[in-house]
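Survey of secondary and tertiary structure
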Amino acid sequence: MVRSKFLKVTCPGCENESVIFSNSATTVNCELCGATLVTPTGGRASVTAKVVEELE
Ligand SMILES: [Zn+2]
């Protein structure tokens, strides 16, 4: 069973930190440079950005 959680990630383009939801149903882009951080792939999101920390 997959637990959903929040992830702190660093943008691969500009290194801006964002907090994203691991089961995001929509694409999440960096608010500074527009790089794709998360892509939804069915039930589970694919995280493109580098994960810095997992938050409960
Ligand atoms: Zn960025």
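Our subject is the structure listed above.
Quick look at the structure, then. (Residues numbered from 1 in each chain as written. Predicted model: local features only at pLDDT ≥ 70, side-chain atom pairs only at ≥ 80, totals over all residues. Heavy atoms only, no water.)

**Things to note about the coordination of the zinc ion**
Tetrahedral coordination by four donors sets the ideal angle at the metal to 109.5 degrees; octahedral coordination by six donors sets it to 90 or 180 degrees. Note the following rule: For Na, K and Ca the donor cut-off is 3.2 Å, and for all other metals it is 2.8 Å, counting N, O and S atoms only; because water is absent from this set, sites may look incomplete. Donor angles set the geometry label: tetrahedral for four donors if every angle is between 85 and 135 degrees, square planar for four and octahedral for six if opposite donors exceed 155 degrees and the others are between 65 and 115, irregular for anything else. Each helix corresponds to a stretch of at least 4 residues labelled H or I by DSSP, and each strand to a stretch of at least 2 residues labelled E; elements are numbered beginning at the N terminus. Think of it in three bands: residues with accessible area under 20% of the maximum for their type are buried, residues over 50% are exposed, and the middle band is partly exposed, with areas taken using a 1.4 Å probe on protein chains only.
Donor atoms from the polypeptide that coordinate the zinc ion comprise Cys11 (SG), Cys14 (SG), Cys30 (SG) and Cys33 (SG), at 2.3 Å from the metal. Taken together, the 4 donor atoms coordinating the zinc ion and their angles of 100 to 116° define a geometry best described as tetrahedral. Mapping the donors of the zinc ion onto the primary sequence gives the spacing C-x2-C-x15-C-x2-C. With Cys11 in the loop between strand E1 (6-10) and strand E2 (17-21) and Cys33 in the loop between strand E3 (28-29) and strand E4 (36-41), the pair connects residues that are 22 residues apart, well separated along the chain. Assessed through its relative accessible area of 41%, Cys33 is described here as partly exposed.

**Some words on unusual backbone geometry**
A positive phi angle, near 65°, is found at Glu15, a position not held by glycine. Residue position: Glu15 is located in the loop between E1 and E2.

**Overview of the packing of aromatic side chains**
Definition in use: Each pair of aromatic rings taken from Phe, Tyr and Trp, with Trp reduced to its six-membered ring, is defined by centres within 6.5 Å and is described as stacked if the planes are under 30 degrees apart, edge-to-face if over 60, and tilted in the remaining cases.
Overall, the coordinates contain 1 aromatic pair when judged by the stated rule. The interplanar angle of 45° and the centroid separation of 5.1 Å between the aromatic rings of Phe6 and Phe21 together place this pair among those described as tilted. Of this pair, Phe6 sits in strand E1 while Phe21 sits in strand E2, and the two are 15 residues apart along the sequence. On the basis of relative accessible area, Phe6 is assigned to the partly exposed category, the value being 40%. You can call Phe21 partly exposed: its relative accessible area is 34%.

**Structural notes on the nonpolar core**
The condition is simple: Residues enter a nonpolar core if they are buried and are Ala, Val, Leu, Ile, Met, Phe, Trp, Tyr or Cys, with the set joined through side-chain atoms within 4.5 Å. For this analysis, residues touch if any pair of their heavy atoms sits within 4.5 Å.
In this structure, Leu7, Val9, Cys11, Ile20, Cys30, Leu37, Val38, Ala45 and Ala49 together form the largest nonpolar core, which totals 9 residues. Within the residue set of this core, elements represented by two or more residues are E1 and E4. Every residue in contact with Leu37, bar those within four places of it in the chain, is listed here: Val9, Cys11, Pro12, Ser18, Val28, Asn29, Cys30, Ser46, Val47, Thr48 and Ala49.

**A word on the pattern of salt bridges**
When the charged atoms of two side chains lie near each other, side chains of opposite charge can form a pair. Note the cut-off: Here, a salt bridge means any Lys or Arg side-chain nitrogen found within 4 Å of an Asp or Glu carboxyl oxygen.
Per the stated rule, a full pass over the model turns up 2 salt bridges. Residue Glu54 pairs with Lys5 through a salt bridge whose shortest N-O separation is 3.1 Å. Taken together, the residues span a long stretch of sequence, with Glu54 in strand E6 (residues 50-55) and Lys5 in the segment before E1 at a distance of 49 residues. The salt bridge partner of Lys8 is Glu53, with a shortest N-O separation of 3.6 Å. Of this pair, Lys8 sits in strand E1 while Glu53 sits in strand E6, placing them 45 residues apart in sequence. Judged by its relative accessible area of 24%, Lys8 is partly exposed. Look at Glu53 and you get partly exposed, because its relative accessible area is 36%.

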